[in-house]
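Here is how the chains run, residue by residue.
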Amino acid sequence: MKLFPSERDALWFYAAYSLASVVALVLPAGSLGLRFCVLIAAYNIALPLVGRWRGHDSWIAAWVFLLPLSILQVFPDWFLSAQLGVLVFPNIGAPMIGTVSAFMALMWVIPLFIVVLVAEGIRQRAGTGAGLAAAGLSALLIFALSEAFSWRLEVWYAQGVQTWHHMALYVLPAEILLGLYTYTGFLLTRGRHIGLKLAAAASVMLLYLGALAFFYLLIETL
């Protein structure tokens, strides 16, 4: 399958960012939490700049939608960690928003941008239905891998719930829906007023929060 220019550039961008992240995380400079803060802030600065430099308007459009969504995603994490007590953000030296590491407010952009990029590429090749399916499946894969390995970095971990290889089971179907909600919100608000984008981002967050609560009830308590 031939890659679009935006996809090729995204591969190079993520390869360079991943390499820089590995170097920054192994260097004993400052706390782990502060290094995460700097890395994630750097990503959110670099992504739109590289997108503009390379002429990828789709990158900027995705970032404009995903940034407020990422900030709002603090609330589901806060609910899981403070109210249900099933998600833990260890003290690794980062500022906190309630019980959530502050860098999480920008961190969601990183995986969700991949979801949007993959789904958009599939949509252009095979239609909207295939794009939506790709959004859900790519979200499942990305977030399942994140759940499986995040505990090694001491970023977050699940507790008191059913898991498989450190993946909390109740989260997985909710994350499929998050991919679908996110890509749908992006499609419906692309090129629209910023106020509509903010409303759509808030709707995605609330739908995801509801999905988490529903699948927690279904898997953990019934």
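Anything mentioned here points back to the structure above.
Residues numbered from 1 in each chain as written. Predicted model: local features only at pLDDT ≥ 70, side-chain atom pairs only at ≥ 80, totals over all residues. Heavy atoms only, no water.

**Re the nonpolar core**
Counting 61 residues, the largest nonpolar core has Y43, L66, F103, F113 and Y170 as the members making the most contacts within it. By residue number, the principal contributor to this core is helix α9 (residues 194-221), which donates nine residues. For F113, the contacting residues outside a window of four places in its chain are Y14, Y43, L47, W59, A62 and L66. (Core = buried A, V, L, I, M, F, W, Y, C linked by side-chain atoms within 4.5 Å. Buried < 20%, exposed > 50% of the residue type's maximum accessible area, 1.4 Å probe, protein only. Helix = DSSP H or I, 4+ residues; strand = E, 2+ residues; numbered from the N terminus. Contact = heavy atoms within 4.5 Å.)

**Points about the packing of aromatic side chains**
Under the defined criterion, the tally for this structure stands at 14 aromatic pairs. For the pair Y14 and Y43, a centre-to-centre distance of 5.9 Å together with 65° between the ring planes defines the contact as edge-to-face. With Y14 in helix α1 (residues 5-26) and Y43 in helix α2 (residues 32-54), this pair connects stretches of sequence that are 29 residues apart. We classify Y43 as buried; its relative accessible area is 0%. Three or more aromatic residues link up through ring pairs in this structure, and these residues are F13, Y14, Y17, Y43, W59 and F113. The ring of W53 is capped by R54, whose NZ or CZ atom sits 5.4 Å from the centre of that ring. Seen from the ring of F4, R125 lies directly overhead, with NZ or CZ sitting 4.2 Å from the centre. (Phe/Tyr/Trp six-rings, centres within 6.5 Å; stacked < 30°, edge-to-face > 60°. Lys NZ or Arg CZ within 6 Å of the ring centre and 35° of its normal.)

**Here we look at the pattern of salt bridges**
Tallied over the full model, the rule gives four salt bridges. Among the salt bridges present, the one from D9 reaches R54, with a minimum N-O distance of 3.0 Å. Taken as a pair, D9 in helix α1 and R54 in helix α2 lie far apart in primary sequence, 45 residues in all. Residue class for R54 comes out partly exposed when judged on its relative accessible area of 43%. A single salt-bridge network, built from bridges that share partners, covers E120, R123 and R190. (Salt bridge = Lys/Arg side-chain N within 4 Å of Asp/Glu carboxyl O.)

**Side note on helix α3 (residues 57-72)**
In this model, α3 (16 residues) spans 24 Å end to end at C-alpha, consistent with the 22 Å of a helix rising 1.5 Å per residue. The set of residues buried in α3 consists of W59, I60, A61, A62, W63, F65, L66, P68, L69 and S70. (Expected span 1.5 Å × (residues − 1).)

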